[in-house]
Amino acid sequence: MTAMSKVDAFRALHLGRAPGDPLVLPGPWDAASARVFVEAGFPALATPSAGVAASLGYEDGSTPADEMFAAVARIARAVDVPVSADIESGYGLAPEELVERLLEAGAVGCNLEDSAGGAMKDPHEQAEFLAEFRAAAAGRVFLNARVDVFVHGDKDPERAIERAASYVAAGADCVYPILAPADVLPLLRAGIQGPININARLTGEGPSCTGLGERGATRVTFGPGLQRLATAALREIADDLV
């Protein structure tokens, strides 16, 4: 599958989703986990920055850009399905360079956060940045604009809707109000145009992927949840061996 056919296929996966049938994207942290997810039948993957950081021995948010892009490249080379990369807030790189680094790594999509260092960015400046990224990408990269209101902001759904609308107007293909409570998802769905990414919890708390889809999620991701579950399972094996 060529790069352009991959991004077209990835974009198509977000369209026409029926309620209760969101696009579920597991988050690989290395090539081996990526292959496991593809062999299980998932049509695309979305790397989690925190999960990749843990696999490389870094704290979340402290992975050097070169190492993150190298990790994404290893994952993308290992599979023949579309791969989207969480590149945090962009590592201070210009939009044109971000696009080129993503394409060089083999990614056809990305997450970009609207916070840095635990503080929310100015929404107008972020929208301008996203518009520049979208122009540089020229359709070659699917842009998932993360909205961090529920993490680093005032947790007001209306603020999340305002930011999401601004990012969609700037050209974002999807918006990601990370850690938005399930009970506000219908409100977000009513106020946001286009696909919405929601993160699912893997602890048995909260709605299932189907339940999130019924509330309005277009796509569901897990952040570093799968990597942490795998680490916990490995810890149990290690304890048994000891």
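Our subject is the structure listed above.
Predicted model only: the values in this text are computed from it and were never measured.

The rules behind the values
Residues numbered from 1 in each chain as written. Predicted model: local features only at pLDDT ≥ 70, side-chain atom pairs only at ≥ 80, totals over all residues. Heavy atoms only, no water. Helix = DSSP H or I, 4+ residues; strand = E, 2+ residues; numbered from the N terminus. Contact = heavy atoms within 4.5 Å. Buried < 20%, exposed > 50% of the residue type's maximum accessible area, 1.4 Å probe, protein only. Pairing = 2+ DSSP bridges. Core = buried A, V, L, I, M, F, W, Y, C linked by side-chain atoms within 4.5 Å. Salt bridge = Lys/Arg side-chain N within 4 Å of Asp/Glu carboxyl O. Expected span 1.5 Å × (residues − 1). Arc of directions from axis to C-beta. Polar contact = N/O pair within 3.5 Å; in protein donor to acceptor, adjacent residues only side chain to side chain.

**Some remarks on the side chain of Ser 49**
Then, in step 1: Here Ser 49 is to be found in helix H3 (residues 49–56).
Then, in step 2: Contacts of Ser 49, omitting those with residues within four sequence positions, involve Asp 60, Met 68, Asp 86 and Glu 88.

**Focus: the environment of Ala 145**
Then, in step 1: The residue Ala 145 is located in strand S7 (residues 142–147) in this model.
Then, in step 2: Counting along the chain gives 30 residues from Ala 145 to Val 175, while the straight-line C-alpha distance between them is 4.7 Å.
Then, in step 3: Excluding its chain neighbours within four sequence positions, the residues that come into contact with Ala 145 are Leu 112, Leu 130, Tyr 167, Ala 172, Cys 174, Val 175 and Tyr 176.

**Examining the side chain of Thr 221**
Then, in step 1: With respect to the helices, strands and loops of the structure, Thr 221 is situated in strand S10 (residues 219–221).
Then, in step 2: Owing to a relative accessible area of 8%, Thr 221 belongs among the buried residues under this scheme.
Then, in step 3: For Thr 221, the residues in contact, after removing those within four places along its chain, are Leu 25, Ala 46, Tyr 176, Asn 197, Ile 198, Asn 199 and Ala 200.

**Description of the sheet that holds strand S1 (residues 23–24)**
Then, in step 1: The three strands are arranged S1-S10-S9 in an open sheet whose pairing can be described as parallel. Every other strand in the sheet has two partners, leaving S1 and strand S9 (197–199) as the edge strands with one partner each.
Then, in step 2: One ladder, built from two bridges, connects S1 with S10; its direction is parallel. Paired with Leu 23 across the strands is Arg 219, a residue of S10.

**Describing the nonpolar core**
Then, in step 1: Among the nonpolar cores identified, the biggest contains 56 residues, and Leu 102, Leu 112 and Phe 133 are the most heavily contacted of them.
Then, in step 2: Take this core: its biggest share by element is seven residues, from helix H4 (residues 65–78).
Then, in step 3: When near neighbours in sequence (up to four residues on either side) are disregarded, Leu 102 contacts Phe 69, Ala 85, Ile 87, Ala 107, Gly 109, Cys 110, Phe 133 and Val 141.

**Let's talk about the pattern of salt bridges**
Then, in step 1: Tallied over the full model, the rule gives 12 salt bridges.
Then, in step 2: One salt bridge in this structure joins Arg 134 and Asp 173, with 3.5 Å as the shortest N-O distance. With Arg 134 in helix H6 (residues 123–137) and Asp 173 in the loop between helix H8 (157–169) and strand S8 (174–177), this pair connects stretches of sequence that are 39 residues apart.
Then, in step 3: In this structure Arg 134 comes out as partly exposed when scored by relative accessible area, which is 30%.
Then, in step 4: Put simply, Asp 148 and Arg 146 hold a salt bridge, and the shortest N to O gap is 2.7 Å.

**Description of H8**
Then, in step 1: Here H8 is 13 residues long and its end C-alpha atoms lie 18 Å apart, about the 18 Å a rise of 1.5 Å per residue gives.
Then, in step 2: Residues of H8 that are buried include every one of Pro 157, Ala 160, Ile 161, Arg 163, Ala 164 and Tyr 167, and no others. Each buried residue of H8 sits inside an arc of 170 degrees when the element is viewed along its axis, so together they form one side.
Then, in step 3: Lining the buried residues of H8 we find strand S6 (119–120), H6, S7, helix H7 (149–152), S8 and helix H9 (185–191).
Then, in step 4: N-cap assignment for H8: the residue whose side-chain oxygen lies 2.9 Å from the backbone N of Glu 158 is Asp 156.

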